[in-house]
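# An overview of the molecular structure
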Amino acid sequence: MMVCCGTNLDSLKPDFWTKEDVGRWLEVNGFQHLIVKFDEHDISGPVLMMLTEQDLRKPPLSLQKLGEIKRLSLILEQLQRAYNVPDSRKHRRMYRRDSVDSSKDMRSGLSLIPKNEGLKFFVSFLYAFSSLIITSIAMTVAHNRVPDMKKIPPLPDIFLDNIPTIPHAFEVAEACAVGLSLSFFCLILVHKHRFVIFRRYFSIIGTVFLLRALTMMSTTLSVPGEHLNNCEIRVGDSWDEKLQHVIYIWRGAGMSISGVRTCGDYMFSGHTAVLTVLNLFICEYTSTKLKFIQTLSWSLNFFGAFFILAAHEHYTIDVIVAFYITSRTFAYYHVLANSLAHKQRNSQELTWSWFPLFSYFEENVDSKILNEYEWPWTPVIEFASHRYRIFIRLRDERRKNLESKTQ
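Summarised in this report is the structure supplied together with it.

Now for the overall build of the protein. Within the protein, the secondary structure is distributed over 17 helices and two strands. Scored against the burial criterion, the 407 residues of the protein give a buried share of 45%. Taking all contacts inside the protein whose residues are at least 6 apart in sequence as the whole, residues at least 24 apart take part in 78%.

Dropping the structure here:
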């Protein structure tokens, strides 16, 4: 008994099978008499991968012969197992669905042909981009409000008062952030749901930095270290000079290794926020089998935070607040995204204040996405192969119609 045979069917995953492909699969396995019934009920590849023995017994299929039901159920289980589909009964309890949409891949809760994925990615990028611009403006304003070090010395701090300043420690912290960034982008390249992860990253980092801008505009703390001697207030700057300073901060991503040096952006460490969010994304979307990657990610996160404090660039409270707010924002977003709660109207109103575009970004996601990996060019090849097969099928049908007319 064959699970999947024929060169045409072998070249494409069942998730992308059309109704005609399902018909050929039935014919290959000796169930050609069921082709019409399956076609009537729009059973394409994604639906086929979720069929159970109970579906075959109950209406509307209502197969009557026990041997036929058992044989078809057996090859269905073999096909589903071959493509790593979890047990269908467990899946149905997880999703609490009575019917299956033929455009859904129930293994990950995502649409096989996601709608407006490119547009969502672009909107999420604009959201993060705008929040970083606002943060740069807030940093410029905060820099001009920083108290005079001669009049207001650094505040008492349990860590800074007991640990001497370590030269170049801030550059080491930024090197940790660069390492986590490279790891994150490598993960994005090979993850099957890269666009979902990217837009979640932009949404969370945008929200976190908007909160950071709010804290900077609200309260300005004194400089945490006497070595920060470049914190003079920029008095008399024109609007053009202020705009250039905003662009200067944004272009350098606020990092000292890019030549950016600012003061007044305390109470909420942006470096700690970036380290934390990158670490959490890497750990969330990396296979649990790769423990060493997750351990390394957490190590870079904590070492980066330590070196920020060792450089006396932030108060201890800055790092604690940044880590807590960023991690809770990440957790809150994913708890909502991994459940059906965000489909409810009350939940949508609740999330609007934290994540303005959450409902739009997650409208096609009903559960936690699986950590599935593929080469970046695999979707392109599969899409091209699918289109080519449709072209061949239409060409063959046209030839048959012409031949029938000539006869």
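Let us keep going from here.
This part covers the packing of aromatic side chains. The full count for this structure, using the stated rule, is 24 aromatic pairs. The interplanar angle of 35° and the centroid separation of 6.1 Å between the aromatic rings of F302 and F323 together place this pair among those described as tilted. Of this pair, F302 sits in helix α13 (residues 291–310) while F323 sits in helix α14 (residues 316–337), and the two are 21 residues apart along the sequence. Consider the rings of F306 and F307, whose centres lie 5.3 Å apart with planes at 70°: the pair is edge-to-face. Residue classification places F306 among the partly exposed residues on the basis of a relative accessible area of 35%. One Lys or Arg, K120, reaches over the ring of Y360 and ends 5.6 Å from the middle of that ring.

Relative orientation of the contacting elements helix α9 (residues 169–190) and α13 amounts to 155°, with a least axis distance of 7 Å. With respect to α13, the axis of α9 lies roughly antiparallel. Judged by the sense of rotation from one axis to the other, the crossing of α9 with α13 is left-handed. From α9, A169, F170, V172, A173, C176 and L180 reach across to α13, where they touch S297, L300, N301, F303, G304, F307, I308 and A310. Classifying every residue of the contact of α9 with α13 gives eleven nonpolar, three polar and no charged.

Procedures and definitions
Residues numbered from 1 in each chain as written. Predicted model: local features only at pLDDT ≥ 70, side-chain atom pairs only at ≥ 80, totals over all residues. Heavy atoms only, no water. Helix = DSSP H or I, 4+ residues; strand = E, 2+ residues; numbered from the N terminus. Buried < 20%, exposed > 50% of the residue type's maximum accessible area, 1.4 Å probe, protein only. Contact = heavy atoms within 4.5 Å. Phe/Tyr/Trp six-rings, centres within 6.5 Å; stacked < 30°, edge-to-face > 60°. Lys NZ or Arg CZ within 6 Å of the ring centre and 35° of its normal. Axes fitted to C-alpha atoms, helices over the stretch in contact; angles between N-to-C directions. Parallel < 35°, antiparallel > 145°, perpendicular 65-115°, else oblique. Left-handed = near helix turned anticlockwise from the far one by under 90°. Nonpolar A, V, L, I, M, F, W, Y, C, P; charged D, E, K, R; others polar.

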